[in-house]
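Below, each chain spelled out in residue letters.
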Amino acid sequence: MNMTWFEQNLASIVAFVPLLGAICALLIPAEEKGVSRWSAFFFSMLAFVMSLWMFAAYRDYSSSMAFEVRKEWIPAFGVSYHVGVDGISLLLVMLTTFLTPIVVLSTFRAVDEKVNLYMFCMLFLEACMLGSLIALDVFLFYVFWELMLIPMFILIGVFGGDNRIYATIKFFLFTFAGSLLMLVAILYAYLHSTDPLTGGHSTSIYHLVNLNISPNAQMLCFLAFSLAFAIKVPMFPFHTWLPDAHVQAPTGGSVILAGVLLKLGVYGFMRFAIPMFPAAAMKFMPVIAALSVVGVIYGALVAMVQNDIKKLVAYSSVSHLGFVMLGLAAMTVTGVTGALYQSINHGVSTGALFLIVGIIYERAHTREIAHFGGLAKLLPFFAAVFLVVTLSSIALPVTNGFIGEFMILIGTFASGTLKHAKIMTALASTGVVLGAVYMLWMYQRVMLGPVTNEENRGLEDMNLREMLYMAPVIAMIFIMGLFPEPFLRKVEPSVNKFVNQVTSRAKEVEEANARWNEEHGVKTAKAPEDGNH
């Protein structure tokens, strides 16, 4: 099918529209707050409209890369501007462009100082996130990956809470430390890569998936990539930066952090770490699965004892992302598809929860659960919206969360990669029950019963602006829960290709490793004969 220049470059256009908006935000005078707000909303909406076009243009049941563009960038080093979108990245791009205008609209009242700086950070962050999702060159990906730290650093450090400096430094040190190790692995992989056309080294993912390196090198490189991505997810026990960052970040920063940034860790595993080092990845899948199950249960138990609503939602993310990583570790088409779908669901549901926390914080100036009680009598519309989002978060059928979690559990149960898949599935299932406990208990204490604090009687229900930005989120909760097929048919072919390529490539690499061990005189443990099983 012939494509126009515009359609061919649609991925790049979607990514760079927010960057143009970020530049405009810097040029707008600081005193023109209204202009800054509406300008940011316009550019974020324009990016969303462009992404809708891209979603419609991406063929159903296709596993091929679309909207692919490759231009030489640093030809002497085999680095190129190489971008494209497939089913794995498409929905994450949509999630990013969907949430950003909602976040911008939600901050019209919450942010009143340095508005142009805030809007610059939001749009620049969106551009970097989109750039990371469309990058098919690992060097280009790394550039966007590191640039994301700058706007998030400013959002938390300048617009955050009282303890924002501590949270900002902790966030930066955790993520930057993992990124440095990934850079070392990128350099090693680059030096052992070959572009068949030029004979030189390359940073293209197409060439890096065919690396020929020693088994030990594969293990170390996979661990380096995995550490960077595990911190970003975050997986247990690399999660400790997240609650502080969420609690101190402004509402918009928390929505983007939970909604999109965390998913880039999952995406990094799928796009780079696992395909580049498949044999090492398959060996570590049981470890990843075990840590994921621990994260599911640990995150739920810690969330249950929180007194701060925002911190409770932050720990719930540790539990929910544990489910996502478990589905990925299962390495079944159903499990990985569920993991990807649940990534989108979590972005919608948990993003909505942080928006709700922001709405009540703007009125009461506290997030302490003990300060509330009986708010449903005072804020009926807010109570209804809060209830829908809560039910989505606990994966009630007909809401979006149910589809993803169900697919993950089914895919994990049937996994041939995980040794104790059925036990892991059973243990992870307890996270569903615990999730219902801490979310419904929190809702009961905040919204139901008698009014326990007379100060709350003066609180206002949701205004028109808040209804407008919550409406599309509520709509997506039911659309993705009742009609998942339009989304899944974009995703499943790419996931099927990913799983098949990784498993087949892992076998090839294992055979090559066996030959390498023979040539270098390395003894390996022999598998038992059938009669000894």
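One structure accompanies this document, and this report is about it.

Here is what the cut-offs are and how they apply
- Residues numbered from 1 in each chain as written.
- Predicted model: local features only at pLDDT ≥ 70, side-chain atom pairs only at ≥ 80, totals over all residues.
- Heavy atoms only, no water.
- Helix = DSSP H or I, 4+ residues; strand = E, 2+ residues; numbered from the N terminus.
- Expected span 1.5 Å × (residues − 1).
- Buried < 20%, exposed > 50% of the residue type's maximum accessible area, 1.4 Å probe, protein only.
- Pairing = 2+ DSSP bridges.
- Phe/Tyr/Trp six-rings, centres within 6.5 Å; stacked < 30°, edge-to-face > 60°.
- Lys NZ or Arg CZ within 6 Å of the ring centre and 35° of its normal.
- Salt bridge = Lys/Arg side-chain N within 4 Å of Asp/Glu carboxyl O.
- Disulfide = S-S within 2.5 Å.
- Patch = residues over 30% accessible without salt bridge, like charges linked within 9 Å, V, L, I, M, F, W, Y side chains within 5 Å.
- Areas by Shrake-Rupley, 256 points an atom, 1.4 Å probe, with all protein chains shown as cover.
- Core = buried A, V, L, I, M, F, W, Y, C linked by side-chain atoms within 4.5 Å.
- Contact = heavy atoms within 4.5 Å.
- Axes fitted to C-alpha atoms, helices over the stretch in contact; angles between N-to-C directions.
- Left-handed = near helix turned anticlockwise from the far one by under 90°.
- Nonpolar A, V, L, I, M, F, W, Y, C, P; charged D, E, K, R; others polar.

1. Digging into helix α14 (residues 309-330)
With 22 residues, α14 should reach 32 Å at 1.5 Å per residue; the first-to-last C-alpha distance of 32 Å fits that figure. Burial runs high along α14: 21 of the 22 residues are buried.

2. Side note on the pairing of strand β2 (residues 79-85)
With seven of seven residues buried, β2 lies mostly within the body of the structure. Neither face of β2 is open: one carries Val79, Tyr81, Val83 and Val85, the other Ser80, His82 and Gly84, and all of them are buried. Counted along the chain from strand β1 (residues 66-74) to the antiparallel partner β2, the turn is four residues long, and its residue glycine 78 has a positive phi close to 70°.

3. With respect to the packing of aromatic side chains
Two aromatic rings, taken as a pair, are described by how far apart their centres are and by the angle between their planes. Here the structure, examined in full by the defined rule, presents 26 aromatic pairs. Ring centres of phenylalanine 236 and tyrosine 298 lie 5.1 Å apart, and the angle between their planes is 55°; this geometry places the pair in the tilted category. In this pair, phenylalanine 236 is assigned in the loop between α10 (215-232) and α11 (241-248) and tyrosine 298 in helix α13 (residues 278-304), connecting sequence segments 62 residues apart. One aromatic cluster is present, formed by Phe141, Trp145, Phe225, Phe229, Phe269, Phe272 and Phe277 through successive ring pairs. Across from the ring centre of phenylalanine 413, 5.0 Å away, lies the NZ or CZ of lysine 422, which sits over that ring. The ring of phenylalanine 55 is capped by lysine 490, whose NZ or CZ atom sits 4.8 Å from the centre of that ring.

4. Some remarks on the pattern of salt bridges
Per the counting criterion, the structure on display carries eight salt bridges. Of the charged contacts in the structure, one is a salt bridge between glutamate 362 and arginine 109, with a shortest N-O distance of 3.5 Å. Taken together, the residues glutamate 362 in helix α15 (residues 333-364) and arginine 109 in the loop between α4 (87-106) and α5 (115-134) connect sequence positions 253 residues apart. Residue glutamate 362 is classed as buried on the basis of its relative accessible area of 17%. Looking at arginine 109, the relative accessible area reads 44%, which means it is partly exposed. For the salt bridge of glutamate 466 with arginine 363, the shortest nitrogen-to-oxygen distance reads 2.7 Å. Here glutamate 466 is found in helix α20 (residues 464-482), whereas its partner arginine 363 is found in helix α15, with 103 residues between them in sequence. Since its relative accessible area comes to 0%, glutamate 466 is described here as buried. Members of the salt-bridge network, linked through shared partners, are Lys33, Arg37 and Asp112.

5. Some points on the state of the cysteines
If you walk through the whole model with that rule in mind, you get zero disulfides. With no disulfide partner, cysteine 128 has as its closest neighbouring cysteine sulfur the one in cysteine 121, 10 Å distant.

6. Some points on a nonpolar patch on the surface
On the surface, Val398, Phe478, Ile479, Leu482 and Phe483 cluster together to form a nonpolar patch covering roughly 430 Å² of accessible area. Summarising the element assignment, phenylalanine 478 is placed in helix α20.

7. Some thoughts on the nonpolar core
Core analysis: the largest hydrophobic core is formed by 191 residues, its most contacted members being Phe225, Phe269, Leu328, Met470 and Phe498. No other element matches helix α12 (residues 251-276), which puts 16 residues into this core. Setting aside its immediate chain neighbours within four residues, phenylalanine 498 contacts Ile88, Met270, Ile274, Pro275, Leu328, Met331 and Val336.

8. A look at the packing of helix α6 (residues 138-147) against α10
Packed helices, taken two at a time, are described by their axes: the angle between them and the distance between them. Closest axis-to-axis distance for the α6/α10 pair is 14 Å, and the angle between their directions is 35°. Of the two elements, α6 crosses α10, and the hand of that crossing is left-handed. Along the contact surface, α6 presents Val138, Phe141 and Trp145, while α10 presents Phe225, Ala228, Phe229 and Lys232. Here the contact of α6 with α10 is built from residues that sort into six nonpolar, no polar and one charged.

9. Re the pairing of β1
Judged from the six bridges that link them, β1 and β2 form a sheet pairing that is antiparallel. Of the residues in β2, the one forming a bridge with glutamate 72 is serine 80.

10. Notes on the environment of asparagine 163
When you line up the elements, asparagine 163 lands in the loop between α7 (149-159) and α8 (164-191). For asparagine 163 and methionine 462, which are 299 residues apart along the polypeptide, the C-alpha to C-alpha distance reads 29 Å.

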